[in-house]
Each structure stands twice: as C-alpha cells, then as structure tokens.
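Reading the structure
Here is how the chains run, residue by residue.
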Amino acid sequence: MKKIIIINGPNLNLLGKRETNIYGNLTFNEFFEMITEKFSDVSLEHFQSNIEGEIINKIQDVGFEYDGIILNSAAYTHTSVGIGDAVKAITTPVVEVHISNTFSREDFRHKSYISPNAKGVIVGFGLQSYELAIQSLL
Ligand code: DQA
C-alpha cells in the first residue's frame, strides 16, 4: 500500500469557516473522510500545523520513507526558505497544492519557495486540487 501524507500549513485548520467564498464550506476533516474512502487502497495521512518549524520537522520525518507528500504550506509557501530547503533535502516526491488560484490573487501569492523543488504543482481547483495530487502520485 502506498503511503501518502497531506501536510497543511497555517490557517488551513479553519477550512469551512475561513473566507468561504475562496476556500469553500467543507472542513478539512469532512473532506479527508471522503478521500480516505475514495482512495481506500492508499494509506492516507493528514498533518496540519500553524508553526513553520513543525512543518519542517514533519517533512524531514516522512521525507525519506513515504511514497508521496502533498504539501499546501499556505502562506509559508510565499515566505519560507526553510520549508523550501526541506523539500529540496528529502527524497520523497512532493506535490505542491493550493485550493485557490494563487496567480489570480495578490502579487505576493505568485512567488513560491516550494515550486522549484516540487515534482509538480496543482493550483486553483478547490479541494479537488488534493485529489488530483493523489492521482498524480499513484
Ligand atoms: C493557499 C493560498 C495561499 O496564498 C494562502 O496563504 C493560503 C491558502 C491555498 O490553498 O489556496 O492560506 O495555499
């Protein structure tokens, strides 16, 4: 069974009640239950943190062992050299995802420290971005 982890960054614990016009009405737990059922032949895990160093620790913990990391580092995407370096350091392929189309939003969201070292980037398909990322790793 393939081991894939979804790592979500800051404020994504508020999905379902945060800027629902951009991010939708589902909580991540509700969505995670749906995809766990849909991809029952995959070992899917989810980790969320609002803390940059915890995200780096998790990437290091799984990054030489798991079959794939789906990373939405949220606002840290646009600021974190440390998370970018962690993605570069590991051997597990990383698919960067964003719920919203960051390129249709403010200029500061156009820069990503993750993309140069990601296997690929999926942006702007709502929560479906995560499903597309899983499919890309299978
Ligand atoms: C986001 C886009 C980021 O710019 C933003 O800071 C987020 C969420 C997305 O999934 O659309 O928190 O990563």
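Structure report, in brief. (Residues numbered from 1 in each chain as written. Predicted model: local features only at pLDDT ≥ 70, side-chain atom pairs only at ≥ 80, totals over all residues. Heavy atoms only, no water.)

Core analysis: the largest hydrophobic core is formed by 23 residues, its most contacted members being Phe28, Ile35, Ile70 and Tyr130. Of all the secondary structure elements, the ones that give two or more residues to this core are strand E1 (2–8), helix H2 (28–38), strand E2 (42–48), strand E4 (94–98) and helix H5 (128–137). (Core = buried A, V, L, I, M, F, W, Y, C linked by side-chain atoms within 4.5 Å. Buried < 20%, exposed > 50% of the residue type's maximum accessible area, 1.4 Å probe, protein only. Helix = DSSP H or I, 4+ residues; strand = E, 2+ residues; numbered from the N terminus.)

Positioned with a positive phi, Asn11 is a non-glycine residue whose angle comes to about 75°. With relative accessibility at 36%, the residue Asn11 sits in the partly exposed group.

This part covers the site of the ligand. As a structural note, the neighbourhood of the ligand is formed by Arg18, Tyr23, Asn72, Ala74, Ala75, His78, His98, Ile99, Ser100, Thr102 and Arg109. Within the contact set of the ligand, an oxygen atom lies 3.0 Å away from a side-chain nitrogen or oxygen of Arg18. His78 is positioned with one of its side-chain polar atoms (N or O) 2.7 Å from an oxygen atom of the ligand. Its free accessible area being 320 Å², the ligand has 99% of it covered by the protein chains. Taken together, the residues of the shell around the ligand sort by class into four nonpolar, five polar and two charged. (Near = heavy atom within 4 Å. Polar contact = N/O pair within 3.5 Å; in protein donor to acceptor, adjacent residues only side chain to side chain. Areas by Shrake-Rupley, 256 points an atom, 1.4 Å probe, with all protein chains shown as cover. Nonpolar A, V, L, I, M, F, W, Y, C, P; charged D, E, K, R; others polar.)

A separate point is the pattern of salt bridges. All told, the structure shown has four salt bridges when counted by the stated rule. Of the charged contacts in the structure, one is a salt bridge between Lys3 and Glu65, with a shortest N-O distance of 3.6 Å. A residue pair is termed long-range when its members are at least 10 positions apart, and Lys3 in strand E1 and Glu65 in the loop between helix H3 (52–62) and strand E3 (68–72) qualify at 62 residues. Between Glu19 and Arg18 there is a salt bridge, with its nearest N and O atoms 3.7 Å apart. Taking relative accessible area as the criterion, Arg18 reaches 17% and is therefore assigned buried. (Salt bridge = Lys/Arg side-chain N within 4 Å of Asp/Glu carboxyl O.)

Turning next to the environment of Glu54. Within the secondary structure, Glu54 sits in helix H3. For the pair Glu54 and Gly9, spaced 45 residues apart in sequence, the C-alpha to C-alpha distance is 9.5 Å. The residues contacting Glu54, other than those within four sequence positions of it, are Phe47 and Ser49. (Contact = heavy atoms within 4.5 Å.)

Okay, H3 next. Taken residue by residue, H3 has Ile55, Ile56, Ile59 and Val62 as its buried positions. Seen end-on, H3 carries its buried residues on one side only, within an arc spanning 145°. Of the surrounding elements, those touching the buried residues of H3 are E1, E2, E3 and helix H4 (81–89). (Arc of directions from axis to C-beta.)

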